[in-house]
Amino acid sequence: MLKQCMIPGRVEAGCDEAGRGCLAGPVTAAAVILPEGYECDALNDSKQLSESARERLRPVIERDAVAWAVAMVEPREIDSINILRASILAMHRALDALDVVPDAVLVDGNRFSPWRDVPYTTVIKGDAAYQSIAAASILAKTHRDELMCRLAEQYPQYGWARNKGYPTADHREAIKVYGACRHHRMTFRLLERPTLFD
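Everything numeric in this text was worked out from a predicted model, so none of it was measured.

Visitor: Would you explain the overall build of the protein chain in this entry?
Guide: Secondary structure summary: the protein chain contains six helices and five strands in total. Starting at the N terminus, the α and β elements of the protein chain follow one another as β-β-α-β-α-α-β-β-α-α-α. Taking 16 Å as the expected radius of gyration for a compact globule of 198 residues, we find that the protein chain reaches 17 Å, a close match to that expectation. Overall size of the protein chain, expressed as C-alpha extent along the three principal axes, is 60 × 35 × 30 Å. Out of the 198 residues belonging to the protein chain, those deemed buried represent 49%. The contacts in the protein chain between residues at least 6 apart in sequence include a share of 66% that link residues at least 24 apart. Summed over all atoms, the accessible surface of the protein chain reaches about 10,000 Å², with 51% contributed by carbon and sulfur.

Okay, here's the thing in structure tokens:
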């Protein structure tokens, strides 16, 4: 069972991102404030859940949360400021979009930048430790996956409905054959480096 909060009585927003390692599509972040004393045994790090489990949990989180928001930073912006800054910017945008201003922010990982004057705590593997971060990881992942499936209808050659923009062999092969499109991150290594024998 994940922890409900870090400090009881404090309004805490959990934050996490999805799509940081992708070759295409936005980096997506979510911020979630859960009710005090909230319990949901099914909550876990989104990477530890099946796609169907994430999809079942998404409406539960969106219904039960005191407040939630999802925000994105598009590939062109990622290329301009780098993926770390883009990931933090996406989390800031998600926090900005909340209907409730939290007293504190819990962030998955070990890097963040101050948001307003609200104190924050970074938690390595926080999505497997705190319910609010786990909920944020699920919303970020499901919203991003949904977008990549819509984009796949426009760009079927890249297989985004399957790979969601991640650097799979089939995705890289498609880039090699068809070239990159406007949804690719041009500062990322889109193709594997050639070997000495190529």
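What follows picks up the thread again.
Visitor: Looking at this structure, I do not really get the sheet that holds strand β2 (residues 27–33). What am I missing?
Guide: The five strands lie next to each other as β3-β2-β1-β4-β5, forming an open sheet whose pairing is mixed. Because the sheet does not close on itself, it has two edges, and the strands there are β3 (67–73) and β5 (120–123). When the angles between neighbouring strand axes are averaged without regard to direction, this sheet yields 20°. As paired strands, β2 and β3 are joined by seven bridges and run antiparallel to one another. By the bridge assignment for β3, I33 is matched with A67.

Visitor: In this structure, what is going on with the packing of helix α1 (residues 51–64) against helix α4 (residues 131–154)? I would like to understand it.
Guide: When two helices pack together, their arrangement is given by the angle between the helix axes and the distance between those axes. As a packed pair, α1 and α4 sit with axes 9 Å apart at the nearest point and diverge in direction by 115°. Crossing angle aside, the handedness with which α1 passes α4 is left-handed. Contacts between α1 and α4 involve R54, E55, L57, R58, I61 and E62 on the former and, on the latter, A135, I138, L139, K141, T142, H143, D145 and E146. Per-class residue counts for the contact of α1 with α4 are five nonpolar, two polar and seven charged.

Visitor: Is there a simple way to explain the environment of I81 in this structure?
Guide: With respect to the secondary-structure elements, I81 resides in helix α2 (residues 75–81). Not counting chain neighbours up to four residues away, the residues in contact with I81 comprise A86 and L89.

Visitor: Even after reading the chapter, I still don't get the pattern of salt bridges, so can you show me in this structure?
Guide: Two side chains carrying opposite charge are able to pair once their charged atoms lie near each other. Within this structure, the stated rule accounts for 10 salt bridges. Here R63 makes a salt bridge to D64, at a shortest N to O gap of 2.7 Å. Under the relative-accessibility criterion, R63 is labelled exposed at 60%. By relative accessible area, which is 22% here, D64 ends up partly exposed. We note a salt bridge from R162 to D170, for which the minimum N-O separation is 3.0 Å. A relative accessible area of 64% places R162 in the exposed class. D170 sits in the partly exposed class, given a relative accessible area of 33%. Bridged by salt links that share partners, the residues R58, E62, E146 and R150 form one connected network.

The rules behind these values
Residues numbered from 1 in each chain as written. Predicted model: local features only at pLDDT ≥ 70, side-chain atom pairs only at ≥ 80, totals over all residues. Heavy atoms only, no water. Helix = DSSP H or I, 4+ residues; strand = E, 2+ residues; numbered from the N terminus. Rg over C-alpha atoms; globule rule 2.2 N^0.38 Å. Buried < 20%, exposed > 50% of the residue type's maximum accessible area, 1.4 Å probe, protein only. Contact = heavy atoms within 4.5 Å. Areas by Shrake-Rupley, 256 points an atom, 1.4 Å probe, with all protein chains shown as cover. Pairing = 2+ DSSP bridges. Axes fitted to C-alpha atoms, helices over the stretch in contact; angles between N-to-C directions. Left-handed = near helix turned anticlockwise from the far one by under 90°. Nonpolar A, V, L, I, M, F, W, Y, C, P; charged D, E, K, R; others polar. Salt bridge = Lys/Arg side-chain N within 4 Å of Asp/Glu carboxyl O.

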